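Secondary and tertiary structure notes
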Amino acid sequence: MTTAVAPARGLAVIKEELQGIAVAHNWPCPKRKNNSLQPRHVEEFELDSVEEDGTEASYFAALFIRFARVICNADCVVRKELFETWAMALHVHDHFPNVLRFADMASGHGLLSWALLLLNENRTAICVDVRMPKSAEKLRDAFCAEWPHLEGRWDFVEGKLEYVEPAPSTLIVGVHCCGPLSDKVVDLAIKGKSPLALVPCCHTNKHLSKEQRQDIMKQSWTLADWIDKHRIDRLEEANFDVVEGTIPKVFTPKNRIILATPPPVLENLTTAVWEETNLEPVNKFLGSKMESKDADSTSLPPPQSIIDNESICRVPFGLPAFAIPIADIHSSHESIRKISGRAAANLRKGHPRTYSLSLFQPPGPIALTPDQVASVANTLDENVCAWGSFVDKEGFLYKDGRLCRTYRLTYRSKGEAVLTKAEAKAIHIQLCHKVEEFYPGAQVRQIPR
């Protein structure tokens, strides 16, 4: 097979294929399941072991071998994750074969996203987690080296699930989302009328009421069964069509998979929404399958800088809340590109440095604005951005008629490096000298040492 889109084949075929993988690789193997796959393990996954005869079976077998070899060379994934991820990907792809964009929630290093991209290379992927591990970048480099055309189709955004803006056009995926994280993923799917594929994990009764705990005991439910049934009931109450399946237990004991299809989007309502926002949808959700538009609709927007300094630099202290739009429309693609990656994450996390500046105003009836003062600072170092605000309401008028206004100047690094206190102070001292040159008649009241 030469197509970049793997066909849907049905659960019976997938089950048989996964059993074959387990037998061929002597799985499960309790002593080795948590061992990291390393480059020396590549020899366990030989392409010569697959007879490529042009059939679907040989295509999927060869794809798994290539997938495993790339993971070995990346040297950052434990053995059991290889098998459970591939099993999950086959089930998701079979149920939603034509989905062209998906978001992997609480993704870890995002291994599942790469498996789903390989099964349909027209897809784009977003991974969302509160921390981007270094292994995510290792996997990105390894997969893009093996499949260069996947470059630019994968993004990782460091942020909370609460920041995600779900949409009907994007499949929401969650694998082993621990405890309440699985409920947050369900909430997102319901909120956005988004298709959902979820493998819950780490069921806990900590968040259950006394009545709910009693209900579990009365009905002789296991905790996992009761919680997952509650999640399925919520989806069905929201008019989702829910299919409950299982991944073979040899790959993972937490093997329940919830596949939920939202109600169809009304054609006239969808069109009105896109016209109102002046955006073109890449695809629209119509049942459990996704109908793609023409080939041009799946093309990515032109590459842009991953950092939007103008908007990110003005974020206040601490970890900011920000929107993560995952809709399969060009504006969302562009927004994601600006906020994805480690550099953008460091900008959001890095604490800005703030200093005050008291300035006697140049002659004239109008005081210098904070932006005018900050514009001087922005000429001093191309790697640092600055913005300002007034500290006082009206300033202080001295007896000699001079007006003094106090400004608060804030500095932040534009790149991955965090701006140190000493570096920020040095730039601020430069500003104190330069502002008098930029605005004749202005005089700094006191230059810091």
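Quick notes on the rules
- Residues numbered from 1 in each chain as written.
- Predicted model: local features only at pLDDT ≥ 70, side-chain atom pairs only at ≥ 80, totals over all residues.
- Heavy atoms only, no water.
- Axes fitted to C-alpha atoms, helices over the stretch in contact; angles between N-to-C directions.
- Helix = DSSP H or I, 4+ residues; strand = E, 2+ residues; numbered from the N terminus.
- Parallel < 35°, antiparallel > 145°, perpendicular 65-115°, else oblique.
- Left-handed = near helix turned anticlockwise from the far one by under 90°.
- Contact = heavy atoms within 4.5 Å.
- Expected span 1.5 Å × (residues − 1).
- Buried < 20%, exposed > 50% of the residue type's maximum accessible area, 1.4 Å probe, protein only.
- pLDDT = per-residue confidence, 0-100.
- Pairing = 2+ DSSP bridges.
- Polar contact = N/O pair within 3.5 Å; in protein donor to acceptor, adjacent residues only side chain to side chain.
- Right-handed = clockwise from strand over helix to strand, strands pointing away.

Looking at the packing of helix 1 (residues 11-24) against helix 3 (residues 79-95)
As a packed pair, helix 1 and helix 3 sit with axes 10 Å apart at the nearest point and diverge in direction by 165°. Judged by the angle between their axes, helix 1 and helix 3 are roughly antiparallel. For helix 1 against helix 3, the interelement crossing comes out right-handed. Seen from helix 1, the contacting residues are Leu 11, Ile 14, Glu 17, Leu 18 and Ile 21; seen from helix 3, they are Phe 83, Trp 86, Ala 87, Leu 90, His 91 and Asp 94.

Topic: helix 3
For helix 3, spanning 17 residues, the distance from its first C-alpha to its last is 26 Å, which sits close to the expected 24 Å at 1.5 Å a residue. Most of helix 3 is tucked away, with 15 of its 17 residues classed as buried.

Re the environment of Asp 241
Counting through the fold element by element, Asp 241 comes out in strand 9 (residues 241-246). Along the chain, Asp 241 and Ala 260 lie 19 residues apart, while their C-alpha atoms are 5.6 Å from each other. With sequence-adjacent residues up to four places away left out, Asp 241 is seen in contact with Leu 259, Ala 260 and Thr 261.

Some remarks on the confidence of the model for the chain
Looking at the chain as a whole, the pLDDT averages 83, with 86% of positions reaching at least 70. No element of the chain has a lower mean pLDDT than strand 11 (residues 283-286), which averages 32, and none a higher one than strand 3 (residues 101-105), which averages 97. Below pLDDT 50 for its whole length, residues 267-319 participates in 106 contacts with residues either more than four positions away or in separate chains.

Quick word on the sheet that holds strand 8 (residues 196-201)
Read from one edge to the other, the open sheet built from seven strands follows the order 5-4-3-7-8-10-9, with strand pairing classed as mixed. Of all the strands in the sheet, the pair left with one neighbour each is strand 5 (154-158) and strand 9. Here the strands of the sheet are splayed against their neighbours by 15° on average, with no regard to which way each runs. Here strand 8 pairs with strand 10 (residues 256-261) via three bridges, running antiparallel. Looking at strand 10, one finds that Ala 197 is bridged to Leu 259. Across the sheet, helix 6 (residues 180-192) touches strand 3, strand 7 (171-178) and strand 8, and the angle it forms with strand 7 is around 170°.

Remarks on the side chain of Gln 361
Topologically, Gln 361 is positioned in the loop between strand 14 (353-360) and helix 13 (370-377). A polar side-chain atom of Gln 361 sits 2.7 Å from the main-chain amide nitrogen of Leu 368. With near-sequence residues (within four places) excluded, Gln 361 lies in contact with Ala 367, Leu 368, Leu 403, Arg 405, Tyr 407, Gly 441 and Ala 442.

Topic: the pairing of strand 10
The side chains of a regular strand alternate between the sheet's two faces. Within strand 10, six of the six residues are buried, which leaves it mostly tucked inside the rest of the structure. Burial along strand 10 is two-sided: the residues Arg 256, Ile 258 and Ala 260 and Ile 257, Leu 259 and Thr 261 are all buried. Bridge count between strand 9 and strand 10: six bridges; the pairing is antiparallel. The residue bridging Val 242 from the neighbouring strand is Ala 260, located in strand 10.

Section: the pairing of strand 7
In this structure, strand 3 lies alongside strand 7, joined through four bridges in parallel fashion. Bridged to Met 105 within strand 7 is Gly 174. Summarising the sheet, strand 7 and strand 8 pair through six bridges and their orientation is parallel. Of the residues in strand 8, the one forming a bridge with Val 173 is Ala 197. Each parallel crossover has a hand, and for strand 7 linked through helix 6 to strand 8 it is right-handed.

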